[in-house]
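As a plain string of letters, each chain reads:
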Amino acid sequence: MTQVDVLILGAGAAGLMCAIAAGRRGRRTLVLEHAERPGKKILISGGGRCNFTNLHTAPENFLSANPHFAKSALARFTPQDFLALVERHRIPWHEKTLGQLFCDRSAHDILNLLLAECAAANAHIQLSTRILSVTRAPFAPIGLSSRTLSSPKGEGSASLPPRLVVETTTGPIATQSLVVATGGLSIPKMGATPFGYDLARQFSLALVEPRPALVPLVLSPEDQARWCDLTGLSTDVVATVPGHPETASAKPRAVRTAFREKLLITHRGLSGPVILQISSYWRPGEPIELDLAPGLNVTAPLLHPHARRDPAAAALALRSSPSGPILPARLADRWLTLNLPATDTGTLSNAALAGLERRLHAWRILPAGTEGYAKAEVTAGGVSTGELDARTMQSHRVPGLYFIGEVVDVTGWLGGYNFQWAWASAVAAGQSA
Ligand SMILES: Cc1cc2nc3c(=O)[nH]c(=O)nc-3n(C[C@H](O)[C@H](O)[C@H](O)COP(=O)(O)OP(=O)(O)OC[C@H]3O[C@@H](n4cnc5c(N)ncnc54)[C@H](O)[C@@H]3O)c2cc1C
């Protein structure tokens, strides 16, 4: 039976980073991956350029049932730490916006960095291997190993007995530490599996129900008929979820989580960065709230004593202000058609204009659902943080079992935060496993 110190399941962002950290400590480290190549998701990330971190990463940029859980790992492996690695490998990069760092050339640079560091740390990667079962080692089999992996520094704890045994299509492997880095459910065609969640259930570890996040929203057939012929139009909005404790619009603006980015109308609903961001907070049955003219008083010009106050004047006001365009003309016209109060006189009263202004800044729309895991960038929820030690990612109940990356109930905003969590949680585990 093969014996290692650290066996990592999943050769994605978190698994490879953990292998580097563990391998550098001289731990005999093996990564198992069921796909025929490692890091597939890294290669498609950030539109092929991998938004590998965000300089402004803070615990507030993550969703989790325990908002404090990520603090320790994030503080001990920072965006600057990953950037130092990128620079050491002479990978050209740029800051796109809001602290988001991308490769100049391609996401291959990040994958090559990870693979080179794995090789330098003598961490082995075995591809095209299926995991059949995971069980606790029945006893401490000193001298069990008939085939062991070499360790560069020879300081791996060979004397420590394995705690878990993994059956694979290439035979059983005994390990002292088992790190689960199999990711979430998003993009099944890239090899996503529920393996991590199933394993957690097998060991009776609690899960926060997984759900698609950073995902486009789908509208009801009625709303699709109202809006979706405007496919391709986009505009700058602020989005919140009025029913969510973090994003409730009843909260003062200064303290609530709200996103100001582009909204995009799609042929089935709403997308664009602002919708992906707010989708992580959205739950079925809740409306989302959009401010279509952030920071502007659109109807103010119509209140001047000699100003026209008819729907056509309102439509013009909604298209642009003295400081620039507001809504694309077709969207402005459609929104007004569906939101203008009826007037007998053709003139909009002060109350009608005030109502329009209010609705413009708090337009509520009820999504029918999401585009699901097929289009979701990440899976929110996952292995409950209550089951894990925040410093090491090790299970409280099953010594030697670790969970890292997306499989854990820690989900980042759009903008490089999810990779930063993958790196940070991986290093936390790799320094302990
Ligand atoms: C289209 C897209 C673009 C993205 N762009 C960005 C971005 O630019 N910046 C950012 O921060 N985040 C981005 N993300 C999110 C980011 O890719 C993930 O958060 C991150 O990859 C999670 O890392 P992980 O190692 O936990 O999981 P993964 O990267 O998903 O790795 C899991 C690995 O485990 C393997 N695996 C799964 N099941 C098994 C099994 N049963 N046995 C063996 N192996 C298994 C998988 O094949 C995979 O290699 C993007 C996601 C998508 C889908």
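Residues numbered from 1 in each chain as written. Predicted model: local features only at pLDDT ≥ 70, side-chain atom pairs only at ≥ 80, totals over all residues. Heavy atoms only, no water.

Caption draft 1: How the structure looks around the sheet that holds strand β3 (residues 51-54). Taken together, the three strands give an open sheet; going across it, the order is β3-β6-β5, and neighbouring strands pair in antiparallel fashion. Because the sheet does not close on itself, it has two edges, and the strands there are β3 and β5 (93-95). Across this sheet, the average inter-strand angle for adjacent strands is 25°, counted without regard to direction. Note: β3 against strand β6 (residues 100-103), three bridges, orientation antiparallel. By the bridge assignment, T53 is partnered in β6 with L101. Against the sheet, helix α4 (residues 79-88) contacts β3, β5 and β6, and its axis sits at roughly 140° relative to β3. (Pairing = 2+ DSSP bridges. Helix = DSSP H or I, 4+ residues; strand = E, 2+ residues; numbered from the N terminus. Axes fitted to C-alpha atoms, helices over the stretch in contact; angles between N-to-C directions. Contact = heavy atoms within 4.5 Å.)

Caption draft 2: Representation of the layout of surface pockets within the structure. Of the pockets and cavities examined, the second largest pocket occupies roughly 390 Å³. Lining the second largest pocket we find 21 residues, and of these F62, L63, S64, P67 and E246 sit closest to its centre. Mapped by element, the contributors of at least two residues to the lining of the second largest pocket are β4 (62-63), β12 (207-213) and β22 (378-383). Tallied by class, the residues present in the lining of the second largest pocket amount to 10 nonpolar, five polar and six charged. (1 Å grid on protein atoms, 1.4 Å probe; cavity = no way out; pocket = protein on both sides within 12 Å on 5 of 7 lines; lining within 4 Å. Points joined across faces, edges and corners; volume = space filled by probe spheres on them. Nonpolar A, V, L, I, M, F, W, Y, C, P; charged D, E, K, R; others polar.)

Caption draft 3: Molecular detail of the confidence of the model for the chain. Mean pLDDT over the chain stands at 92; residues scoring 70 or higher make up 93%. Note on residues 140-148: pLDDT is under 50 here. Beyond four places in sequence and across chains, it has 15 contacts. (pLDDT = per-residue confidence, 0-100.)

Caption draft 4: Local environment of empty space enclosed by the protein. Within the structure shown, the criterion is met by three cavities of 30 Å³ or more. Considered as a void within the structure, the largest cavity measures approximately 60 Å³ in volume. Mapped onto the lining of the largest cavity, the elements with two or more residues apiece are β15 (259-265), α10 (329-339) and β20 (363-365). Class assignment of the residues belonging to the lining of the largest cavity gives a composition of nine nonpolar, no polar and no charged. By volume, the second largest cavity is sized at about 40 Å³. Forming the boundary of the second largest cavity are V298, T299, A314, L318, W335, L336, L356 and L360. Contributions of two or more residues to the lining of the second largest cavity are made by α9 (311-319), α10 and α11 (350-361).

Caption draft 5: Region of interest: the environment of V408. Here V408 lies in the loop between β23 (401-403) and β24 (411-412). In this structure the C-alpha to C-alpha distance between V408 and A70, which are 338 residues apart in sequence, comes to 10 Å. Apart from residues lying up to four places away in sequence, V408 is in contact with F69, G381, G382, V383, T385, L388, F403 and W421.

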